[in-house]
Structure formats: C-alpha cells, structure tokens
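Letter by letter, the chains look like this.
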Amino acid sequence: MSTSAAGGLSGRVAIITGASAGIGRACALELARHGASVVVNARRKERLDDLVAQIASLGDGAGRGVVVAGDATDSGVIETILDVASSEFGREADLVLVNAGRGLAGSPLTSDEGEWERMYTLNVVGASRLIRAAGQRMRDDAERSNDYPKRARDILVLGSSVGKNISPFSSMYGGSKFAIGAIAEAVRRELAPKGIRVSLICPAIVRSEFQEAAGYDPEKFGALMESIAPVLEPDDIARLVCFMTSQPAHVEINDVMIRPTRQEYP
Ligand SMILES: NC(=O)c1ccc[n+]([C@@H]2O[C@H](COP(=O)([O-])OP(=O)(O)OC[C@H]3O[C@@H](n4cnc5c(N)ncnc54)[C@H](OP(=O)(O)O)[C@@H]3O)[C@@H](O)[C@H]2O)c1
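Bear in mind that the values here come from a model prediction, so they are computed numbers and not experimental data. (Residues numbered from 1 in each chain as written. Predicted model: local features only at pLDDT ≥ 70, side-chain atom pairs only at ≥ 80, totals over all residues.)

### Looking at the overall build of the protein
Step number 1: Across its full length, the protein carries eight helices and seven strands.
Step number 2: In terms of overall size, the protein behaves like a compact globule, its C-alpha atoms giving a radius of gyration of 18 Å where 266 residues would be expected to give roughly 18 Å.
Step number 3: Seen through its principal axes, the protein has C-alpha atoms that stretch 50 × 35 × 35 Å.
Step number 4: Here the protein holds 266 residues, and the buried ones make up 45% of them.
Step number 5: Within the protein, contacts between residues separated by at least 24 positions form 76% of all contacts whose residues are at least 6 apart in sequence. (Helix = DSSP H or I, 4+ residues; strand = E, 2+ residues; numbered from the N terminus. Rg over C-alpha atoms; globule rule 2.2 N^0.38 Å. Buried ≥ 20, exposed ≤ 12 C-beta atoms within 10 Å, placed from the backbone. Contact = placed C-beta atoms within 7 Å.)

### Side note on the packing of helix α1 (residues 22-33) against helix α2 (residues 45-56)
Step number 1: As a packed pair, α1 and α2 sit with axes 10 Å apart at the nearest point and diverge in direction by 25°. Considering their axes alone, α1 and α2 lie roughly parallel with respect to each other. Of the two possible hands of crossing, α1 and α2 adopt the one that is right-handed. On the side of α1, the interface is formed by Arg25, Ala28, Leu29 and Ala32, while α2 contributes Leu51, Gln54 and Ile55.
Step number 2: For the contact of α1 with α2, a count of residues per class yields five nonpolar, one polar and one charged. (Axes fitted to C-alpha atoms, helices over the stretch in contact; angles between N-to-C directions. Parallel < 35°, antiparallel > 145°, perpendicular 65-115°, else oblique. Left-handed = near helix turned anticlockwise from the far one by under 90°. Nonpolar A, V, L, I, M, F, W, Y, C, P; charged D, E, K, R; others polar.)

### A short note on the site of the ligand
Step number 1: Taken together, 31 residues sit near the ligand, with Gly18, Gly22, Arg43, Arg44 and Gly101 positioned nearest.
Step number 2: Broken down by element, the shell around the ligand gets its largest block of residues, three residues, from α1.
Step number 3: Residues that form the shell around the ligand fall into these classes: 13 nonpolar, 12 polar and six charged. (Near = placed C-beta within 6 Å.)

### Considerations on the sheet that holds strand β3 (residues 65-67)
Step number 1: Ordered in space as β3-β2-β1-β4-β5-β6-β7, the seven strands form an open sheet in which the pairing is parallel. A single partner strand is all that each edge strand has here, and the edge strands are β3 and β7 (255-258). Within this sheet the neighbouring strands show an average axis-to-axis angle of 15°, counted without direction.
Step number 2: Where strand β5 (residues 153-158) meets strand β6 (residues 196-203), six bridges bridge the pair, whose relative direction is parallel. Across the sheet, isoleucine 155 pairs through a bridge with valine 198, a residue of β6.
Step number 3: Relative to strand β2 (residues 37-41), helix α3 (residues 75-89) is tilted by about 155°, and along the sheet it contacts β1 (13-17), β2 and β3. (Pairing = 2+ DSSP bridges.)

### Description of the confidence of the model for the protein
Step number 1: Per-residue confidence for the protein gives a mean pLDDT of 96; residues scoring 70 or more make up 97%.
Step number 2: Counting interchain partners and residues more than four positions distant, the pLDDT-below-50 stretch residues 1-5 has five contacts. (pLDDT = per-residue confidence, 0-100.)

### Regarding α2
Step number 1: Look at α2: 16 Å from first C-alpha to last across 12 residues, which is about the 16 Å you get at 1.5 Å a residue.
Step number 2: Residues of α2 that are buried: Leu48, Leu51 and Ile55. Burial along α2 is one-sided: seen end-on, the buried residues are contained in an arc of 55°. Turned more than 90 degrees off the buried face of α2, the exposed positions are Glu46, Ala53 and Ala56.
Step number 3: Each element contacted by the buried residues of α2 is listed here: α1, β2 and β3. (Expected span 1.5 Å × (residues − 1). Arc of directions from axis to C-beta.)

### Things to note about the packing of α1 against helix α8 (residues 234-245)
How two helices pack is summed up by the angle between their axes together with the distance between the axes.
Step number 1: Following both chains from N to C, one finds α1 and α8 inclined at 45°, their axes separated by 8 Å at the closest point. Judged on the interaxial angle alone, α8 and α1 are oblique. The crossing of α1 and α8 is right-handed. Residues Gly22, Ile23, Arg25, Ala26, Cys27, Leu29, Glu30 and Leu31 of α1 form the contact with α8, whose own contacting residues are Pro234, Asp235, Ile237, Ala238, Arg239, Val241 and Cys242.

### What to know about the pairing of β1
For a regular strand, the rule is simple: side chains alternate between the two faces of the sheet.
Step number 1: Most of β1 sits out of view: five of its five residues are buried.
Step number 2: Across the two faces of β1 the burial is the same, with Val13, Ile15 and Thr17 and Ala14 and Ile16 all buried.
Step number 3: Bridge count for β1 against β2 is five bridges, and the pairing is parallel. From the neighbouring strand, threonine 17 faces β2, where its bridge partner is asparagine 41.
Step number 4: In this fold, the crossover linking β1 to β2 by way of α1 has right-handed handedness.
Step number 5: Two strands pair when backbone bridges link them, and β1 and strand β4 (residues 95-98) are joined in this way by three bridges, in the parallel orientation. Its bridge partner being in β4, alanine 14 is matched across the sheet by leucine 95. (Right-handed = clockwise from strand over helix to strand, strands pointing away.)

Shown next as structure tokens:
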C-alpha cells in the first residue's frame, strides 16, 4: 500500500508516538516509505525495534528510523524524543504525530473510574505536553530559519469521531478527545502566523489494539464492526497523514473526520 512514489517527504524529520501498534505503526511505515526520517516512540521497545528493522528494509528513497522507548506522558521522555530527532537527523522535527492514546468503555456513570486519570493523563495531559514542547521548538526554529513557505512544519493530533459527536457508549473517552481537539485548534491559531500547520484527525472505527485496550465487549463490538464492515484499517489513516503532510506549506488541512463508509454515527 502506498500513496505515491517514494521520496515525496524526503528531508522531513518525523516523530510518532504510539508507534508500536495500530495507527502509529502504520503511519511510521508510510511516512518512512515516502522518505521521511522517523523517531518512533511507545513503551514496548521490542516492537519498535522490529518496526525500525522493517523500515530499514523498505529500500531506495525510504527514510531511516530511530527508537526512543518510554512513556509518552513523561516530560523527560518527550524532551529525549525531540533531542534525538535533531541529533540523529541534523534538524528539529518538522512533522509530529501526537498519536499515543487509549479508549475506555462507558459513560461517566458506567465506566471504570479507576482508569479515568490514566486515560486523561495520556490523551490530554501527555498529548498537550508533546504539543507544547514540539510547538515551542518548531516556533523557535521557524523564527530562526525564516524559511516559510519553503519548508512545511506539521503537528498532527489524533482526535476521534466521538470527540466531535459524544456517544454514551464511550463518553469519558470522547470527553478526552473533545479536550485535545480544542487544544489542537487553540495551538493552530497560535502557530498559524509562524507558518506551522496544526491539524486534527478524527477517525471513527479503526481496527487495531485499541478496542481491547479500551475494554470493549469483544462480542458486542465485534458484531457492530461486522454490521458496518469493512471498518477502517490503520493504513487508511496512514495514507491520509501522508496526503496532509505532502501538501505545499501554504495549504493546511485543518480538521478531518474519516469514517468507514457504512458507519453513520458517531
Ligand atoms: N482505533 C480506533 O478506532 C480509533 C478511533 C479514533 C481515534 N483513535 C485514536 O488513535 C490513536 C491511536 O490508536 P490506535 O487505534 O492505533 O490504538 P492501539 O492499536 O491501541 O495503539 C496505541 C499505541 O499507543 C501506545 N501507547 C499507549 N500508552 C502509551 C504511553 N503511555 N506512552 C507511549 N505510548 C503509549 C501503544 O504502545 P505501548 O503499549 O507499546 O506503549 C500503542 O503503540 C489514539 O489516540 C486513539 O485514541 C483510534
């Protein structure tokens, strides 16, 4: 699967959190296939090592991959990811995919309260820490280099269709995605004058490890997925990310909802 000839993103330095599975992994591969150098992060290091080995086998025109394993909510890990991007690839990251995240079944009344803090720490606080650190560095780099619109800079944030249409099925999770969607838009307004694109991607159902980690009932959710099959695959999001980041620097695709065609809602 590929959107166009390799090399369209060559020279770009990308960071992807949550790259050991699902959407993050597919995006890392597709960005590298298109020529971007990638720093991949998640907690499961062996998975990231395998991913980087796969990137190394992509062949001519593909970018290189580097692993920074660790918890993406930790400010120290976030600084290390950004430092490694610039030390390994010789320039500040100019494509940051704020992807690490998790779901949670249920509403404020029915979900497992013991998971609330962990989920909001990852989906909102950790994601905001990365947006802040990457945004500050990109802003300073853009001011120093004064290279807009020759060079594109992107921060892409994973929201969700339930971060636009609240669903009682997973509304504590949806609330976290409403929050990060609002924060992404706030930062877009702040960084737009510097020529930095901040974009929100709101997928509906994508088949990944997400459903199990969220604690969705496999039978009920499996039946729902079957009823609207085929649902999205991580590669579908990866093609979108490559399309968005391959646009000329003056074109910002601000806010995208992407659904399986047969999913009416949310
Ligand atoms: N799948 C969907 O239907 C769907 C729909 C809308 C939005 N989204 C959003 O898309 C993003 C990716 O989801 P996905 O479907 O790819 O889920 P996934 O298959 O469960 O992957 C989640 C990734 O996040 C990583 N992760 C979890 N906690 C982390 C932490 N504390 N630090 C660093 N990495 C961490 C996991 O790796 P480790 O366990 O190795 O750390 C894994 O690589 C999430 O933000 C999710 O909310 C998903």
